[in-house]
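Here's the letter readout for the chains.
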Amino acid sequence: MSEIREARLLKANSLINKGFEPYAETFKISHSTRFLNEKFGYLDNGQEFDLNVSLAGRVLAKRVMGKIAFFTITDQEGKIQLYLEKRIIDDYEINAKLLSFEDLKEIVDIGDWIGVFGTIKKTNKGELSIKVSKWEMLSKSLQPLPDKWHGLTDIEKRYRQRYLDLIVNPLSKTVFKTRAKCISLIRRWLDEKNFLEIETPILQSEAGGAEARPFITHHNTLDIPLYLRIATELHLKRMVVGGFEKVYELGRIFRNEGVSTKHNPEFTSVEIYQAFSNYIDMMNLTEDLIKNIVLSCCDSLVINYQDKVIDFSKPWKRISMKNVVKEYTGIDFDSFDGDLNKAKKFSEEINIEISPKINTLGRLLNEVFEQKVESQLIEPTFVTDYPIEISPLARRHPKNKEMVQRFELFIAGRELANAFSELIDPVDQRQRMQLQQSLRDAGDLEAHCIDEDFLQALEIGMPPTGGLGIGIDRLVMLLTNSSSIRDVIPFPLLKPELTSNKSEKSTSNEVK
RNA sequence: GGGUCGCUAGCUCAGCGGUAGAGCAUCCGGCUUUUAACCGGCUGGUCCUGAGUUCGAAUCUCAGGCGACCCA
């Protein structure tokens, strides 16, 4: 292992001794591998095209046959073969004191970045290649790459050393391209509809807007605790109070909770607020936006996700929480006349685990939904009309005071979006926050706290508004057919590895 | 939080009480149309960590670390 490193350091030094730089400053590229593959794919076997090109990439394979060699190099968008002939390269070398064919064989290792000049040639066997006349070392790699055939399969290593994963697993690269495309599409879609992107604070003296525990940090000179935001909601609503009718924020949210295939402590969401709208309008907006993204990223509204087929093209199902629970479990929460014990008895019969925290009919309804229904909602489904006690920021439902105008969107058994008709009545909002605060005082660390400044803003007056939050990571999981949220986050949170106190020795061949 | 499984060469894996193994990569030699190039030769190990059982442990037991999956 360290022998490989030593040998490669020697090679780097030998370049220096020949008067070349193992770590180049720049290299001027004329084309990408993708462009050349698209443009010259039509050439017949053995045919050449006299276009001078320069391109750069990482060496992925070396096939040396004495006085001729074939390397495969890869750049961001693809691969191409290099056709390397001793006679051609060494002809140039004599004239211009360049690196020789022998150097190419001896000094270049798999993993190195090199730059080449040459022309286009399709080999006799039909592989489009660069017929190389001269070459340069751009960056000497000191460590071996994973197996060229099996790649890197150890999931932990793929996360911890994402750079290796990206080099040897091409699918990993496409995941992050799709992620970037998805985020850019969301911004463009919203910007075109005149939504204004806002940047609200990440460091806050109270973390509000969601039921979650925050990360705590400390500001030294002010000597106060600060919390990382758990939502962008309360600040975006302040912007609506201030007169911005359509706002959004796409950014990182931090929640101090468990890690799973569906949860990373920091994740990306987009929250969208639109004045003069209610949750029905936000439902329509959600359906439009997500269909647009799916079509752009997957070229179809019907996609495969894991072993399921998900059809986004039909109008998405809209069903109330009570009705969907009735449909999937047979339990009719309207039949209990507010009798919690009766409802618990029915729920226990279908093996619902009921924690002491479940002390109202609404919480029980939500619990039954989460335990028995959620995972079965594969096709896009809007579940509407949530219990008021788990929705302290949502507007009361006009037809049922125990419910609010809220929906969550479920796809592939997972929550993807959450939205309400926002609660804009400052008196009602104060009562709800006070109730939350009392739960918090009683020890519920996830309950909301009173945000006086937010209440003050509502008293100044907020227009009727619809609000929506979409989990970007989970959306990208669908778009890229990824089973774990960690597959769509370049550097997911992992426990630190114990570092061995193996001291780094022998730097004798270190390039200075 | 509970359960199951995994951790052995740079990578992918075998070995499951008796000298630490293979393929690829590396290193040396050969080769002017290969593409998992090929042919010949050589190297490479804290078997995740620690303790125990044993004449003897990668292998069995216990504790710990990290990860994956399932359940809650």
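All values reported here derive from a predicted model rather than from experimental measurement.

Calculation notes
Residues numbered from 1 in each chain as written. Chains lettered and ligands numbered in written order. Predicted model: local features only at pLDDT ≥ 70, side-chain atom pairs only at ≥ 80, totals over all residues. Heavy atoms only, no water. Buried < 20%, exposed > 50% of the residue type's maximum accessible area, 1.4 Å probe, protein only. Helix = DSSP H or I, 4+ residues; strand = E, 2+ residues; numbered from the N terminus. Pairing = 2+ DSSP bridges. Near = heavy atom within 4 Å. Polar contact = N/O pair within 3.5 Å; in protein donor to acceptor, adjacent residues only side chain to side chain. Phe/Tyr/Trp six-rings, centres within 6.5 Å; stacked < 30°, edge-to-face > 60°. Lys NZ or Arg CZ within 6 Å of the ring centre and 35° of its normal. Contact = heavy atoms within 4.5 Å. Axes fitted to C-alpha atoms, helices over the stretch in contact; angles between N-to-C directions. Parallel < 35°, antiparallel > 145°, perpendicular 65-115°, else oblique. Left-handed = near helix turned anticlockwise from the far one by under 90°. Nonpolar A, V, L, I, M, F, W, Y, C, P; charged D, E, K, R; others polar. Arc of directions from axis to C-beta. UniProt positions renumbered as here; feature names shortened; annotations may be inferred.

Caption draft 1: How the structure looks around the pairing of strand β19 (residues 465-471). Of all seven residues making up β19, seven are buried, and the element is well covered by its neighbours. Note that strand β11 (residues 266-275) and β19 share seven bridges and pair antiparallel. By the bridge assignment, V270 is partnered in β19 with I470. In terms of strand pairing, strand β18 (residues 414-421) meets β19 through five bridges, oriented antiparallel. Pairing of A417 across the sheet is with I470, part of β19.

Caption draft 2: View of the protein's contact with RNA strand B. Taken together, 40 residues lie near RNA strand B, and K11, K125, K148, E156 and R486 sit nearest. Close to the protein, within 4 Å, the atoms of RNA strand B are drawn from sugar and phosphate at a rate of 63%. Between RNA strand B and the protein, one listed contact pairs a base oxygen with a side-chain N or O atom of R63 at 2.9 Å. A distance of 3.4 Å separates a sugar or linking oxygen of RNA strand B from a polar atom in the side chain of E353. For the surface near RNA strand B, the elements supplying multiple residues, two or more each, are α1 (2-17), β1 (48-64), β2 (68-75), β3 (78-85) and α5 (155-160). Among the elements that take part in the surface near RNA strand B, α5 stands out by supplying five residues, more than any other.

Caption draft 3: Here's a closer look at the packing of aromatic side chains. Summed over all chains, the structure comprises nine aromatic pairs. Put simply, the rings of F312, W316, F382 and F407 pair up and form one aromatic cluster. Positioned above the aromatic ring of Y83 is the side chain of K121, whose terminal nitrogen or guanidinium carbon lies 4.8 Å from the ring centre. In this arrangement the basic side chain of K134 is found over the ring face of F117, its NZ or CZ atom lying 4.7 Å from the centre.

Caption draft 4: Quick peek at the side chain of E374. By the element assignment, E374 lies in the loop between α12 (361-373) and β15 (381-387). Not counting residues within four places of it along the chain, the set of residues in contact with E374 comprises F369, F410, G413, R414 and E415.

Caption draft 5: Fine view of the packing of helix α8 (residues 233-241) against helix α14 (residues 452-460). At their nearest, the axes of α8 and α14 sit 9 Å apart, and the two run at 25 degrees to each other. With respect to each other, α8 and α14 are oriented roughly parallel. Between α8 and α14 lies a crossing of left-handed hand. Contacts from L234, K237, R238 and V241 of α8 reach α14 at D453, F454, A457 and I460. Broken down by class, the residue content of the contact of α8 with α14 amounts to five nonpolar, no polar and three charged.

Caption draft 6: Highlighting helix α11 (residues 340-349). Restricting attention to buried positions, one finds in α11 the residues L340, A343 and S347. Along the axis of α11, the buried positions cluster into a sector of 60 degrees, meaning they face one direction only. Opposite the buried face of α11, by more than 90 degrees, sit the exposed residues N341, K345 and E349. Against the buried residues of α11 lie α12.

Caption draft 7: Geometry of the environment of K122. Topologically, K122 is positioned in strand β4 (residues 113-122). Take K122: its relative accessible area is 10%, and that puts it in the buried class. For the pair K122 and F49, spaced 73 residues apart in sequence, the C-alpha to C-alpha distance is 8.6 Å. In contact with K122, not counting residues within four places along its chain, are G41, Y42, L43, D44, N45, G46, Q47, E127 and L128.

Caption draft 8: Focus on unusual backbone geometry. In this structure, N194 takes a positive phi of about 65 degrees despite not being glycine. Among the structural elements, N194 can be located in the loop between α7 (170-192) and β6 (196-197). N194 gets classed as exposed once you look at its relative accessible area, which sits at 61%.

Caption draft 9: Representation of the UniProt feature "binding site: Mg(2+) 2" in chain A. Within the UniProt annotation, "binding site: Mg(2+) 2" is assigned to E415. For E415, a relative accessible area of 28% corresponds to the partly exposed category. Not counting residues within four places of it along the chain, the set of residues in contact with E415 comprises E374, E408, L409, F410 and R474.

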